[in-house]
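Here is how the chains run, residue by residue.
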Amino acid sequence: MDVYSENILSGRSAFIAGGTSGINLGIAKRMAQLGARVAVAGRNPDKAAAAAAEIGEGALGRSCDVRDFDATRAVLEDVASAFGGLDIVISGAAGNFMAPAVGISANGFRTVVDIDLNGTFNVFRASYDLLNRPGASLIAITANQAVNATMMQAHACAAKAGINQLLRVLAMEWGPHGVRVNGISPGPIRGTEGMARLAPTDEAVAERAARVPLRRFGEAREVADSAVFLCTDAASYITGTILNCDGGAGLGDSSDKNLVA
Ligand code: COA
(Lines give C-alpha, C1' and ligand atoms only; values in the text may rest on other atoms or scores of the structure.)
Protein backbone atom coordinates (compact mmCIF):
# COMPACT_ATOMS: atom_id res chain seq x y z
CA MET A 1 0.00 0.00 0.00
CA ASP A 2 1.22 3.49 -0.84
CA VAL A 3 2.14 5.66 2.16
CA TYR A 4 0.33 8.58 0.53
CA SER A 5 -3.30 8.64 -0.49
CA GLU A 6 -3.90 8.67 -4.22
CA ASN A 7 -3.96 12.18 -5.72
CA ILE A 8 -2.73 13.81 -2.51
CA LEU A 9 -1.10 16.45 -4.74
CA SER A 10 -3.97 16.87 -7.14
CA GLY A 11 -4.68 20.51 -8.02
CA ARG A 12 -1.05 21.45 -7.19
CA SER A 13 1.51 22.49 -9.77
CA ALA A 14 5.21 21.79 -9.37
CA PHE A 15 8.34 23.17 -11.04
CA ILE A 16 11.52 21.17 -10.58
CA ALA A 17 14.81 22.79 -11.63
CA GLY A 18 17.30 20.08 -12.46
CA GLY A 19 14.39 17.67 -12.81
CA THR A 20 15.64 16.10 -16.02
CA SER A 21 17.65 13.39 -14.25
CA GLY A 22 18.55 11.66 -11.00
CA ILE A 23 16.99 12.51 -7.67
CA ASN A 24 15.11 15.49 -9.10
CA LEU A 25 13.55 13.44 -11.89
CA GLY A 26 12.51 10.96 -9.20
CA ILE A 27 10.77 13.78 -7.32
CA ALA A 28 9.05 14.94 -10.52
CA LYS A 29 7.77 11.44 -11.34
CA ARG A 30 6.51 10.83 -7.83
CA MET A 31 4.71 14.19 -7.65
CA ALA A 32 3.07 13.53 -11.02
CA GLN A 33 2.05 10.04 -9.86
CA LEU A 34 0.37 11.64 -6.83
CA GLY A 35 -1.66 14.01 -9.00
CA ALA A 36 0.46 17.18 -9.40
CA ARG A 37 0.97 18.95 -12.72
CA VAL A 38 4.71 18.86 -13.18
CA ALA A 39 7.29 20.83 -15.16
CA VAL A 40 11.00 20.02 -15.22
CA ALA A 41 13.82 22.22 -16.41
CA GLY A 42 17.41 21.45 -17.29
CA ARG A 43 20.19 22.80 -19.45
CA ASN A 44 19.77 20.31 -22.27
CA PRO A 45 16.50 20.70 -24.27
CA ASP A 46 16.56 17.09 -25.53
CA LYS A 47 16.97 15.74 -22.00
CA ALA A 48 14.16 18.04 -20.82
CA ALA A 49 11.80 16.74 -23.52
CA ALA A 50 12.75 13.12 -22.78
CA ALA A 51 12.20 13.64 -19.04
CA ALA A 52 8.76 15.18 -19.63
CA ALA A 53 7.81 12.20 -21.82
CA GLU A 54 9.02 9.81 -19.12
CA ILE A 55 7.01 11.63 -16.43
CA GLY A 56 3.88 11.29 -18.51
CA GLU A 57 1.00 13.08 -20.11
CA GLY A 58 0.73 16.79 -19.37
CA ALA A 59 4.26 17.13 -17.99
CA LEU A 60 6.28 20.03 -19.37
CA GLY A 61 9.99 19.93 -20.19
CA ARG A 62 11.78 23.27 -20.52
CA SER A 63 15.37 24.25 -20.93
CA CYS A 64 17.29 26.97 -19.11
CA ASP A 65 20.54 27.40 -17.24
CA VAL A 66 19.76 28.34 -13.63
CA ARG A 67 22.87 30.56 -13.69
CA ASP A 68 20.96 32.87 -16.05
CA PHE A 69 18.30 34.73 -14.04
CA ASP A 70 16.39 36.11 -17.04
CA ALA A 71 16.24 32.74 -18.82
CA THR A 72 15.13 31.05 -15.60
CA ARG A 73 12.44 33.66 -15.01
CA ALA A 74 11.17 33.29 -18.59
CA VAL A 75 10.76 29.53 -18.15
CA LEU A 76 9.07 29.94 -14.76
CA GLU A 77 6.64 32.51 -16.23
CA ASP A 78 5.84 30.18 -19.11
CA VAL A 79 5.16 27.25 -16.75
CA ALA A 80 3.16 29.35 -14.27
CA SER A 81 0.99 30.66 -17.07
CA ALA A 82 0.34 27.12 -18.35
CA PHE A 83 -0.47 25.82 -14.85
CA GLY A 84 -2.23 28.87 -13.34
CA GLY A 85 0.55 29.71 -10.87
CA LEU A 86 2.97 27.53 -8.94
CA ASP A 87 2.41 25.68 -5.66
CA ILE A 88 5.67 23.76 -5.41
CA VAL A 89 9.13 24.85 -6.54
CA ILE A 90 12.16 22.60 -6.16
CA SER A 91 15.67 23.92 -6.72
CA GLY A 92 17.73 20.84 -7.50
CA ALA A 93 20.18 21.77 -10.25
CA ALA A 94 23.73 21.05 -9.10
CA GLY A 95 27.23 20.60 -10.43
CA ASN A 96 30.12 18.85 -8.75
CA PHE A 97 33.46 17.18 -9.25
CA MET A 98 36.12 15.81 -6.92
CA ALA A 99 39.23 17.97 -6.69
CA PRO A 100 41.52 19.37 -4.02
CA ALA A 101 41.38 23.15 -3.64
CA VAL A 102 44.74 23.52 -5.38
CA GLY A 103 43.29 21.62 -8.35
CA ILE A 104 40.34 24.01 -8.73
CA SER A 105 40.65 27.18 -10.80
CA ALA A 106 38.78 30.33 -9.87
CA ASN A 107 36.40 29.54 -12.71
CA GLY A 108 35.87 25.96 -11.48
CA PHE A 109 35.01 27.22 -7.98
CA ARG A 110 32.74 29.92 -9.37
CA THR A 111 31.00 27.46 -11.69
CA VAL A 112 29.81 25.20 -8.86
CA VAL A 113 28.81 28.12 -6.60
CA ASP A 114 27.02 29.67 -9.56
CA ILE A 115 24.98 26.56 -10.39
CA ASP A 116 24.18 25.48 -6.82
CA LEU A 117 23.91 28.65 -4.74
CA ASN A 118 23.22 31.44 -7.23
CA GLY A 119 20.99 29.01 -9.14
CA THR A 120 18.90 28.40 -6.02
CA PHE A 121 18.54 32.13 -5.43
CA ASN A 122 17.57 32.63 -9.08
CA VAL A 123 14.96 29.84 -9.09
CA PHE A 124 13.36 30.91 -5.81
CA ARG A 125 13.56 34.66 -6.43
CA ALA A 126 12.20 34.35 -9.98
CA SER A 127 9.34 32.15 -8.80
CA TYR A 128 8.24 34.37 -5.91
CA ASP A 129 5.75 36.53 -7.83
CA LEU A 130 4.30 33.45 -9.52
CA LEU A 131 3.56 31.47 -6.34
CA ASN A 132 0.02 30.65 -5.28
CA ARG A 133 -0.03 32.14 -1.80
CA PRO A 134 -0.71 31.18 0.90
CA GLY A 135 0.28 27.53 0.71
CA ALA A 136 3.30 27.45 -1.60
CA SER A 137 6.14 25.11 -0.70
CA LEU A 138 9.74 25.64 -1.83
CA ILE A 139 12.45 23.02 -1.40
CA ALA A 140 16.19 23.36 -2.01
CA ILE A 141 18.18 20.18 -2.53
CA THR A 142 21.26 20.63 -0.39
CA ALA A 143 23.88 18.15 0.85
CA ASN A 144 25.79 17.10 3.92
CA GLN A 145 28.83 19.03 2.62
CA ALA A 146 26.96 22.11 3.87
CA VAL A 147 27.68 21.17 7.46
CA ASN A 148 30.55 18.67 7.35
CA ALA A 149 33.81 19.92 5.88
CA THR A 150 34.76 17.43 3.18
CA MET A 151 38.13 17.25 1.48
CA MET A 152 38.08 17.53 -2.35
CA GLN A 153 34.78 19.41 -2.01
CA ALA A 154 35.73 23.03 -1.14
CA HIS A 155 33.46 24.36 -3.89
CA ALA A 156 30.45 22.14 -3.05
CA CYS A 157 30.87 22.70 0.73
CA ALA A 158 30.85 26.47 0.24
CA ALA A 159 27.90 26.38 -2.17
CA LYS A 160 25.73 24.04 -0.10
CA ALA A 161 26.45 25.94 3.15
CA GLY A 162 25.25 29.05 1.34
CA ILE A 163 22.08 27.27 0.26
CA ASN A 164 21.29 26.25 3.85
CA GLN A 165 21.54 29.84 5.08
CA LEU A 166 19.71 31.23 2.05
CA LEU A 167 16.71 28.99 2.60
CA ARG A 168 16.55 29.90 6.29
CA VAL A 169 16.46 33.61 5.49
CA LEU A 170 13.80 33.08 2.81
CA ALA A 171 11.75 31.06 5.32
CA MET A 172 11.82 34.06 7.67
CA GLU A 173 11.06 36.66 5.02
CA TRP A 174 8.45 34.72 3.06
CA GLY A 175 6.72 32.86 5.91
CA PRO A 176 4.44 35.83 6.66
CA HIS A 177 3.27 35.61 3.03
CA GLY A 178 2.29 31.95 3.30
CA VAL A 179 5.39 30.51 1.65
CA ARG A 180 7.30 27.69 3.36
CA VAL A 181 10.95 27.16 2.43
CA ASN A 182 12.76 23.96 3.40
CA GLY A 183 15.69 21.86 2.29
CA ILE A 184 16.35 18.18 1.79
CA SER A 185 19.84 16.78 2.28
CA PRO A 186 20.03 13.44 0.50
CA GLY A 187 22.70 10.92 1.43
CA PRO A 188 24.23 8.51 -1.08
CA ILE A 189 21.41 7.67 -3.51
CA ARG A 190 21.65 4.74 -5.90
CA GLY A 191 21.88 5.40 -9.63
CA THR A 192 22.60 9.13 -9.55
CA GLU A 193 25.25 11.02 -11.50
CA GLY A 194 26.61 12.45 -8.26
CA MET A 195 27.19 8.95 -6.88
CA ALA A 196 28.65 7.77 -10.18
CA ARG A 197 31.25 10.50 -9.71
CA LEU A 198 31.83 10.03 -5.98
CA ALA A 199 31.70 6.18 -5.91
CA PRO A 200 32.45 5.00 -9.45
CA THR A 201 33.19 1.28 -8.75
CA ASP A 202 31.28 -1.56 -7.03
CA GLU A 203 34.04 -1.63 -4.44
CA ALA A 204 33.63 2.09 -3.73
CA VAL A 205 29.85 1.65 -3.43
CA ALA A 206 30.21 -1.23 -0.94
CA GLU A 207 32.81 0.66 1.07
CA ARG A 208 30.58 3.75 1.23
CA ALA A 209 27.43 1.80 2.11
CA ALA A 210 29.30 0.12 5.00
CA ARG A 211 29.80 3.56 6.57
CA VAL A 212 26.08 4.49 6.51
CA PRO A 213 24.14 3.72 9.74
CA LEU A 214 21.33 2.10 7.71
CA ARG A 215 24.01 0.15 5.76
CA ARG A 216 22.75 0.86 2.25
CA PHE A 217 22.39 3.52 -0.40
CA GLY A 218 19.03 5.26 -0.57
CA GLU A 219 16.60 5.19 -3.48
CA ALA A 220 15.45 8.25 -5.42
CA ARG A 221 11.92 7.28 -4.38
CA GLU A 222 12.81 7.77 -0.71
CA VAL A 223 14.01 11.33 -1.34
CA ALA A 224 10.90 11.96 -3.44
CA ASP A 225 8.65 10.85 -0.59
CA SER A 226 10.44 13.30 1.73
CA ALA A 227 9.78 16.07 -0.79
CA VAL A 228 6.10 15.10 -1.02
CA PHE A 229 5.86 15.16 2.78
CA LEU A 230 7.20 18.73 2.88
CA CYS A 231 4.51 19.78 0.37
CA THR A 232 1.54 18.24 2.17
CA ASP A 233 -0.53 19.55 5.07
CA ALA A 234 1.39 17.11 7.27
CA ALA A 235 4.22 19.67 7.08
CA SER A 236 2.07 22.79 7.30
CA TYR A 237 3.96 24.15 10.35
CA ILE A 238 7.41 23.26 9.06
CA THR A 239 9.59 25.92 7.47
CA GLY A 240 13.29 26.73 7.47
CA THR A 241 14.24 23.14 8.22
CA ILE A 242 16.64 20.81 6.50
CA LEU A 243 15.43 17.24 6.34
CA ASN A 244 18.27 14.73 6.18
CA CYS A 245 17.13 11.84 3.98
CA ASP A 246 20.42 10.02 4.23
CA GLY A 247 20.16 6.82 6.24
CA GLY A 248 22.07 8.64 8.98
CA ALA A 249 25.11 9.12 6.73
CA GLY A 250 25.48 12.76 7.78
CA LEU A 251 26.12 11.72 11.38
CA GLY A 252 29.50 10.33 10.41
CA ASP A 253 31.24 7.05 9.61
CA SER A 254 29.40 4.25 11.47
CA SER A 255 31.34 1.33 9.98
CA ASP A 256 32.11 -1.62 12.24
CA LYS A 257 35.77 -0.66 12.44
CA ASN A 258 34.70 2.23 14.67
CA LEU A 259 33.07 -0.08 17.24
CA VAL A 260 35.22 -0.90 20.23
CA ALA A 261 34.17 -4.21 21.80
N1 COA B 1 38.56 19.18 -11.58
C2 COA B 1 38.95 20.48 -11.56
N3 COA B 1 38.32 21.46 -12.29
C4 COA B 1 37.26 21.07 -13.03
C5 COA B 1 36.80 19.74 -13.10
C6 COA B 1 37.52 18.76 -12.32
N7 COA B 1 37.16 17.46 -12.31
N8 COA B 1 35.71 19.69 -13.93
C9 COA B 1 35.50 20.95 -14.35
N10 COA B 1 36.42 21.78 -13.82
C11 COA B 1 36.56 23.21 -14.08
C12 COA B 1 36.93 23.43 -15.54
O13 COA B 1 38.32 23.18 -15.76
C14 COA B 1 36.54 24.90 -15.73
O15 COA B 1 37.51 25.77 -15.21
P16 COA B 1 38.62 26.49 -16.20
O17 COA B 1 37.82 27.26 -17.21
O18 COA B 1 39.42 27.34 -15.30
O19 COA B 1 39.40 25.36 -16.81
C20 COA B 1 35.33 25.04 -14.81
O21 COA B 1 35.35 23.92 -13.92
C22 COA B 1 34.04 25.02 -15.59
O23 COA B 1 34.01 23.84 -16.37
P24 COA B 1 33.01 23.68 -17.61
O25 COA B 1 33.10 22.27 -18.07
O26 COA B 1 33.29 24.77 -18.59
O27 COA B 1 31.63 24.03 -16.92
P28 COA B 1 30.21 23.51 -17.24
O29 COA B 1 29.29 24.58 -16.85
O30 COA B 1 30.09 22.96 -18.61
O31 COA B 1 30.07 22.24 -16.25
C32 COA B 1 30.47 21.27 -14.09
C33 COA B 1 29.82 22.38 -14.88
C34 COA B 1 31.98 21.49 -14.08
C35 COA B 1 29.98 21.34 -12.63
C36 COA B 1 30.17 19.88 -14.66
O37 COA B 1 30.77 18.91 -13.85
C38 COA B 1 28.69 19.64 -14.80
O39 COA B 1 28.06 20.11 -15.73
N40 COA B 1 28.05 18.91 -13.90
C41 COA B 1 26.60 18.74 -13.93
C42 COA B 1 26.21 17.47 -13.45
C43 COA B 1 26.71 17.14 -12.10
O44 COA B 1 27.80 17.51 -11.70
N45 COA B 1 25.90 16.43 -11.36
C46 COA B 1 26.26 16.00 -10.05
C47 COA B 1 25.61 16.86 -9.06
S48 COA B 1 25.95 16.26 -7.42
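Structure's up top.
All of these numbers come straight from a predicted model, not from anything done at the bench.

Chemist: Give me the pairing of strand 2 (residues 37–42): which residues, what numbers.
Modeler: The buried count for strand 2 comes to five of six residues, which makes it a mostly enclosed element. As paired elements, strand 1 (residues 13–17) and strand 2 share five bridges and run parallel to each other. In the sheet register, Ala 14 faces strand 2, and the bridge partner there is Val 38. Since strand 1 and strand 2 lie parallel, the crossover through helix 1 (residues 22–33) that links them has a hand, and here it is right-handed.

Chemist: Report on the sheet that holds strand 2, specifying residues and quantitative values.
Modeler: Pairing is parallel in the open sheet, where seven strands are placed in the order 3-2-1-4-5-6-7. Since the sheet does not close on itself, it has two edges, and those belong to strand 3 (60–63) and strand 7 (242–245), each with one partner. Direction aside, the axes of adjacent strands within the sheet are offset by 20° on average. Pairing analysis gives six bridges linking strand 5 (residues 136–141) to strand 6 (residues 179–186), with the strands arranged parallel. Considered in strand 6, the bridge of Ile 141 is made with Ile 184. This element, helix 5 (residues 154–174), spans strand 5, strand 6 and strand 7 of the sheet and lies at about 160° to strand 6.

Chemist: Residue-level account of the site of the ligand, with values.
Modeler: Taken together, 16 residues surround the ligand, and among them Arg 43, Arg 67, Asn 96, Ser 105 and Asn 107 come closest. Within the side chain of Arg 67, a nitrogen or oxygen atom sits 3.1 Å from an oxygen atom of the ligand. If the ligand stood free it would expose 930 Å²; the protein chains cover 56% of that surface. Breaking the shell around the ligand down by element, the ones donating at least two residues are helix 4 (106–127) and helix 6 (193–198). Tallying contributions element by element places helix 4 first for the shell around the ligand, with four residues. Of the residues belonging to the shell around the ligand, the class tally is four nonpolar, eight polar and four charged.

Chemist: Describe the packing of aromatic side chains, listing the residues and the values that go with them.
Modeler: The full count for this structure, using the stated rule, is one aromatic pair. With centroids separated by 4.4 Å and ring planes inclined at 40°, the aromatic side chains of Tyr 128 and Trp 174 adopt a geometry described as tilted. Of this pair, Tyr 128 sits in the loop between helix 4 and strand 5 while Trp 174 sits in helix 5, and the two are 46 residues apart along the sequence. Assigned by exposure class, Tyr 128 and Trp 174 land together as buried. Note that Arg 133 overlies the ring of Tyr 128, its terminal NZ or CZ placed 4.3 Å from the centroid.

Procedures and definitions
Residues numbered from 1 in each chain as written. Predicted model: local features only at pLDDT ≥ 70, side-chain atom pairs only at ≥ 80, totals over all residues. Heavy atoms only, no water. Buried < 20%, exposed > 50% of the residue type's maximum accessible area, 1.4 Å probe, protein only. Helix = DSSP H or I, 4+ residues; strand = E, 2+ residues; numbered from the N terminus. Pairing = 2+ DSSP bridges. Right-handed = clockwise from strand over helix to strand, strands pointing away. Axes fitted to C-alpha atoms, helices over the stretch in contact; angles between N-to-C directions. Contact = heavy atoms within 4.5 Å. Near = heavy atom within 4 Å. Polar contact = N/O pair within 3.5 Å; in protein donor to acceptor, adjacent residues only side chain to side chain. Areas by Shrake-Rupley, 256 points an atom, 1.4 Å probe, with all protein chains shown as cover. Nonpolar A, V, L, I, M, F, W, Y, C, P; charged D, E, K, R; others polar. Phe/Tyr/Trp six-rings, centres within 6.5 Å; stacked < 30°, edge-to-face > 60°. Lys NZ or Arg CZ within 6 Å of the ring centre and 35° of its normal.

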